[in-house]
Protein chains: 2
Amino acid sequence: MRKVYVLGAGATKYGKLPLTGRELLAQASLDAIHDAGIDASHIEGAFVANAFGMIEKQGHPGPLLMTALGIPDKPATTIEAACASGGAAFREAYINVAAGVADVYLASGVEKITQVDTVTATGYFSYGSDYFCEGGNGASFPGLYATMARAHMQRYGTTEEQLAQVAVKNHDNAALNPKAHLPKRITVEDVMKSLYVAHPLKLYDACPFSDGASAVIVASEEVARRLGKADVQVLGSGRAGSIASLPDRGDMTSIPAARIAGKQAFQQAGLNPGDIDFAEVHDCFTIAELVATEDLGFFKPGEGGKATEQGVTARDGALPINPSGGLKAKGHPVGATGLGQIAEVVWQLRGQAGQRQVPDPEVALTHNVGATGGSCAVHILRRMR
Amino acid sequence: MRKVYVLGAGATKYGKLPLTGRELLAQASLDAIHDAGIDASHIEGAFVANAFGMIEKQGHPGPLLMTALGIPDKPATTIEAACASGGAAFREAYINVAAGVADVYLASGVEKITQVDTVTATGYFSYGSDYFCEGGNGASFPGLYATMARAHMQRYGTTEEQLAQVAVKNHDNAALNPKAHLPKRITVEDVMKSLYVAHPLKLYDACPFSDGASAVIVASEEVARRLGKADVQVLGSGRAGSIASLPDRGDMTSIPAARIAGKQAFQQAGLNPGDIDFAEVHDCFTIAELVATEDLGFFKPGEGGKATEQGVTARDGALPINPSGGLKAKGHPVGATGLGQIAEVVWQLRGQAGQRQVPDPEVALTHNVGATGGSCAVHILRRMR
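The model shown is predicted, which means the values in this text are computed figures rather than measured ones.

## Details of the overall build of chain A
Next up, step 1: Along its length, chain A carries 13 helices and 11 strands.
Next up, step 2: A compact globule built from 385 residues should have a C-alpha radius of gyration of about 21 Å, and chain A, at 19 Å, falls within 12% of that.
Next up, step 3: With respect to the principal axes defined by its C-alpha atoms, chain A has extents near 55 × 45 × 35 Å.
Next up, step 4: Counting all 385 residues of chain A, 68% fall into the buried class.
Next up, step 5: Look at the contacts in chain A between residues 6 or more apart in sequence, and 77% of them connect residues 24 or more apart.
Next up, step 6: Total accessible area on chain A is roughly 12,100 Å²; 51% of this is exposed by carbon and sulfur atoms.

Listed below in structure tokens is the structure:
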């Protein structure tokens, strides 16, 4: 396995956007190509993360992207793992370069979903669940994550106010992110007064449905050094699964796939949770961020809420979580989400994150979950100079 | 890059089947596990090829499969490249093992589509086209492949009778394949009398819509040798693309992605087209088989029809093409198709193909196309003892 570096990253703004999926995909990819300082012709292939292409009736986005980039002969394969599609796509691009199959690979993700109403969108999202056991019986993701929240509250005493504080923190960060879908500050009171969507989760505990695209280009060490871009290295990649149906798992306060993928990534990187300077984690609902920070070993089980309350995970805290604003406030264009996490990490490690910059980070982690944890991808990246 | 062997292969019957996609996927995978002589727990991860999961509202089949196999912690990522999804999934499983990420990997593909009528199914298939330019304007795949057939006829004098002979040959082979969707012999007259679906292509020039699943397990050389299963090696893997929209390409008598992917696979294997003993190629329509055999260098451009007419590609000919019956008569359960091609090659190379056995083959090729060639995957496998 060869060393792999991130050459460049790009992203569109997330939100309700007046562009098609193929346009967004091309825009983020061209952004990443520009950031990498390469010509598109150097890209040897791509993975495209996209979960709901059927909404636009475009089920084969790879060749559309490569044609738009002027490199139609290069292969592009769609990767899906529900909401972890982006992280899974990044992993396979990393593996292709690490294996020596290619020197330069693109991972690009997109979603275009805001043209359908939120009930329809919630229905499409539920295809990521075990639909026979869950979605088809009315258990869509707000309900499933609410079940996890309830279990966490009962076992550990986590409070609705602590969940609200996750939302407040991530909105604070998003307010400094020009690409965020919901760049507005909110208060704990705003969250507490918002309508319950699935008790104990309220509207402001949930991420929005977003359009958007993000893209990352990875390269071998030799290519990265030649281009003077060997500044962010991929140190670890973890990928695991869990029993698809949440009710069929023993414990609903933790996601096994996240624990396993996290351990894999830490082991490969030769690092521990204490070595991480900040992380972008999968906060599709506020409870998901607490569970993530516990599953990854940042906090003991049940202590994520307290850590948030104490400001540990704030941008100026000991361990900033989701300085981008996270899925909660930056937005969640499904296929783009995991790649947007990588892009944020790259920009933060380079010191290019503008007003939301975390002070001088060296090592960062991304955590991308599909469904209630049927899939999880964890990556650790390090600034090398 | 390490050497990679196929440990085992499995498949359900193809056809209109009374099982769900998840059941078919598990059945083929268990079949492959049994054939490999391993325990499911040895599998370190999977790629699942599946293009139309939205029909069953199951968009995240990986965890369903791994849960069914009793290994829910292992990662499973969905791979799509329209009708080349299976070949693309096999390639990434191969790369994961070649890279040393894993020693044993599963690639499993499935489609469950016969519950919708053929007009609806044709519509879903057209999502694999450039829908904005093609499908959305009424250019579904019968029409697009008919355009290719017309161009081939005009340039090379290929005849409707030659196309019909492809169908007759593949039905002859399928009649000896207990897993085929359409295991019945037909005549050139049957084809010529069948209704035009898109002139010059008739109903019998087209493959059916099939349900079904196929699965392949690959492993490192060390594992394969330890299990006494180092008998079929993956010698070459090619993967390329073409401009998505057929009308935007200069030449409609050839698929650039197939030529490029073929060259890549031959180069990696250190072989030439003349070294191939038989091939499974992507004959979604009869014209596609002719174009495939020319793109891969088996015959000169325009000579595929004549070769078929002369019996060169028959099961007892100099270069058997689609001894399984091909997509045309064995069937085309999209996600399963490319993996079913690999399974057929494995069984043929081992001498386990029963009545349709090709005499003592040593080297074989698979060719799996997505859409009209937006994606193509080519693999070369060799019997090693």
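## Some remarks on the interface of chain A and chain B
Next up, step 1: Listed by partner, the interface residues are 47 residues for chain A and 47 residues for chain B.
Next up, step 2: Between chain A and chain B lies a buried interface of about 3,900 Å² when both sides are counted; carbon and sulfur atoms form 55% of it.
Next up, step 3: Counting across the interface, chain A meets chain B through 2 salt bridges.
Next up, step 4: Asp130(B) is the partner of Arg22(A) in a salt bridge, and the nearest nitrogen-oxygen pair spans 2.8 Å.
Next up, step 5: Counting every contact that joins chain A to chain B gives 24 residue pairs in polar contact (both at pLDDT 80 or more).
Next up, step 6: Within the residue set of the side of chain A that touches chain B, elements represented by two or more residues are α2 (61–68), β3 (76–80), α3 (85–99) and β8 (232–241) of chain A.
Next up, step 7: Ranked by the residues each element gives to the side of chain A that touches chain B, the list is headed by α3(A), at 6 residues.
Next up, step 8: In terms of residue class, the side of chain A that touches chain B is built from 23 nonpolar, 14 polar and 10 charged.
Next up, step 9: Bridge count between β3(A) and strand β3 (residues 76–80) of chain B: 3 bridges; the pairing is antiparallel. Paired with Glu80(A) across the strands is Thr78(B), a residue of β3(B).

## Quick notes on the nonpolar core
Next up, step 1: Among the nonpolar cores identified, the biggest contains 118 residues, and Tyr145(A), Phe298(A), Ile380(A), Tyr145(B), Phe298(B) and Ile380(B) are the most heavily contacted of them.
Next up, step 2: Discounting chain neighbours no more than four positions away, the residues touching Phe298(A) are Phe266(A), Pro273(A), Ile276(A), Ala279(A), Thr293(A), Leu319(A), Ile321(A) and Leu365(A).
Next up, step 3: Ranked by size, the runner-up nonpolar core spans 72 residues in total, among them Ala49(A), Ala98(A), Ala102(A) and Val234(B).

## Looking at the confidence of the model for chain A
Next up, step 1: In the predicted model, chain A carries a mean pLDDT of 97, and the fraction of residues at 70 or more is 100%.
Next up, step 2: For this predicted complex, the interface confidence comes out at an ipTM of 0.97, alongside a pTM of 0.98.

## Some details on the pairing of strand β10 (residues 363–370) of chain B
Residue and element names in this part refer to chain B.
Next up, step 1: With 8 of its 8 residues buried, β10 lies for the most part within the structure.
Next up, step 2: Sheet topology note: the strand β9 (residues 278–280)/β10 ladder contains 3 bridges and is parallel. In the strand pairing of β10, Ala 279 is matched with Leu 365.
Next up, step 3: Pairing between β10 and strand β11 (residues 375–383): 8 bridges, direction antiparallel. Within β11, the residue paired with Ala 364 across the bridge is Leu 381.
Next up, step 4: Count of turn residues in the β10/β11 antiparallel hairpin: 4 residues, of which Ala 371 carries a positive phi of about 60°.

## A look at the packing of helix α6 (residues 160–174) of chain A against helix α10 (residues 286–295) of chain A
All names here are of chain A.
Next up, step 1: One way to put it is that α6 packs onto α10 with a least axis distance of 8 Å and a crossing angle of 95°. Viewed along their axes, α6 and α10 adopt a mutual orientation that is roughly perpendicular. In this structure, α6 contributes Leu 163, Val 166, Ala 167, Lys 169 and Asn 170 to the contact, and α10 contributes Thr 286, Ile 287, Glu 289 and Leu 290.
Next up, step 2: Each residue belonging to the contact of α6 with α10 can be placed in one class, and the counts come to 5 nonpolar, 2 polar and 2 charged.

## A closer look at the relation of the copies chain A and chain B
Next up, step 1: Take chain A, turn it by 180°, move it 0.0 Å along the axis, and it overlays chain B with an RMSD of 0.0 Å. Taken together, these values place the two copies in the relation of a two-fold axis.
Next up, step 2: A symmetric contact is evident, with 100% of the interface residues of chain A recurring at the interface of chain B.

## Some remarks on the side chain of Glu92(B)
Next up, step 1: Tracing the chain through its elements places Glu92(B) in helix α3 (residues 85–99).
Next up, step 2: Arg91(B) provides the closest opposite charge to the buried, salt-bridge-free Glu92(B), at an N-O distance of 4.1 Å.
Next up, step 3: Side chain to side chain, Glu92(B) and Asn96(A) meet in a polar contact 3.0 Å long.
Next up, step 4: Other than its neighbours up to four places away in sequence, Glu92(B) contacts Phe47(A), Asn96(A), Phe47(B) and Ile79(B).

## Details of α10(A)
All names here are of chain A.
Next up, step 1: Most of α10 sits inside the fold, with 10 of its 10 residues counted as buried.
Next up, step 2: Within α10, the full set of buried residues consists of Thr 286, Ile 287, Ala 288, Glu 289, Leu 290, Val 291, Ala 292, Thr 293, Glu 294 and Asp 295.
Next up, step 3: Lining the buried residues of α10 we find α5 (141–156), α6, β6 (201–202), α9 (256–269), α11 (304–309) and β10 (363–370).

## Concerning the packing of helix α1 (residues 21–36) of chain B against helix α2 (residues 61–68) of chain B
All names here are of chain B.
Next up, step 1: Put simply, α1 and α2 touch, their axes get as near as 9 Å, and they point 50° apart. With respect to each other, α1 and α2 are oriented oblique. As for the relative orientation of α1 and α2, their crossing is right-handed in sense. The segment α1 lies against α2, with Arg 22, Leu 25, Ala 26 and Ser 29 engaging Pro 61, Leu 64, Leu 65 and Ala 68.
Next up, step 2: Taken together, the residues that form the contact of α1 with α2 break down as 6 nonpolar, 1 polar and 1 charged.

## Focus: α5(A)
Residues and elements named next belong to chain A.
Next up, step 1: In this model α5 runs 22 Å from its N-terminal to its C-terminal C-alpha over 16 residues, within 8% of the 22 Å that 1.5 Å per residue would give.
Next up, step 2: Within the sequence span of α5, burial applies to Phe 141, Pro 142, Leu 144, Tyr 145, Ala 146, Met 148, Ala 149, Ala 151, His 152 and Met 153.
Next up, step 3: Where the residues of α5 are buried, they touch α4 (118–125), α6, β5 (196–198), β6, α10 and β10.

## Some details on the environment of Lys169(A)
Residues and elements named next belong to chain A.
Next up, step 1: Counting through the fold element by element, Lys 169 comes out in helix α6.
Next up, step 2: With a relative accessible area of 7%, Lys 169 lands in the buried category.
Next up, step 3: When the C-alpha positions of Lys 169 and Thr 187 are compared, they lie 9.1 Å apart, and in sequence the two are 18 residues distant.
Next up, step 4: What Lys 169 contacts, discounting residues up to four positions off in sequence, is Glu 289, Thr 313, Ala 314, Ile 321 and Asn 322.

## Regarding the packing of aromatic side chains
For any pair of aromatic rings, the description rests on two quantities: the centre-to-centre distance and the angle between the ring planes.
Residue and element names in this part refer to chain A.
Next up, step 1: Tallied over the entire structure, the rule returns 14 aromatic pairs over all chains.
Next up, step 2: Here the aromatic rings of Phe 47 and Tyr 105 are separated by 5.4 Å at their centres, their planes lie at 35°, and the arrangement is tilted. Of the two residues, Phe 47 sits in strand β2 (residues 46–49) while Tyr 105 sits in strand β4 (residues 104–111), which places them 58 residues apart along the sequence. Tyr 105 matches Phe 47 in its accessibility class, with the two residues each being buried.
Next up, step 3: Here a set of aromatic residues connected by ring pairs shows up, and it is made of Phe 52, Tyr 124, Phe 125, Tyr 127, Tyr 131 and Phe 209.

Parameters at a glance
Residues numbered from 1 in each chain as written. Chains lettered and ligands numbered in written order. Predicted model: local features only at pLDDT ≥ 70, side-chain atom pairs only at ≥ 80, totals over all residues. Heavy atoms only, no water. Helix = DSSP H or I, 4+ residues; strand = E, 2+ residues; numbered from the N terminus. Rg over C-alpha atoms; globule rule 2.2 N^0.38 Å. Buried < 20%, exposed > 50% of the residue type's maximum accessible area, 1.4 Å probe, protein only. Contact = heavy atoms within 4.5 Å. Areas by Shrake-Rupley, 256 points an atom, 1.4 Å probe, with all protein chains shown as cover. Buried area = accessible area lost by both parts, 1.4 Å probe. Salt bridge = Lys/Arg side-chain N within 4 Å of Asp/Glu carboxyl O. Polar contact = N/O pair within 3.5 Å; in protein donor to acceptor, adjacent residues only side chain to side chain. Nonpolar A, V, L, I, M, F, W, Y, C, P; charged D, E, K, R; others polar. Pairing = 2+ DSSP bridges. Core = buried A, V, L, I, M, F, W, Y, C linked by side-chain atoms within 4.5 Å. pLDDT = per-residue confidence, 0-100. Axes fitted to C-alpha atoms, helices over the stretch in contact; angles between N-to-C directions. Parallel < 35°, antiparallel > 145°, perpendicular 65-115°, else oblique. Least-squares fit on C-alpha atoms with pLDDT ≥ 70 in both. Lys, Arg positive; Asp, Glu negative; His and termini not counted. Left-handed = near helix turned anticlockwise from the far one by under 90°. Expected span 1.5 Å × (residues − 1). Phe/Tyr/Trp six-rings, centres within 6.5 Å; stacked < 30°, edge-to-face > 60°.

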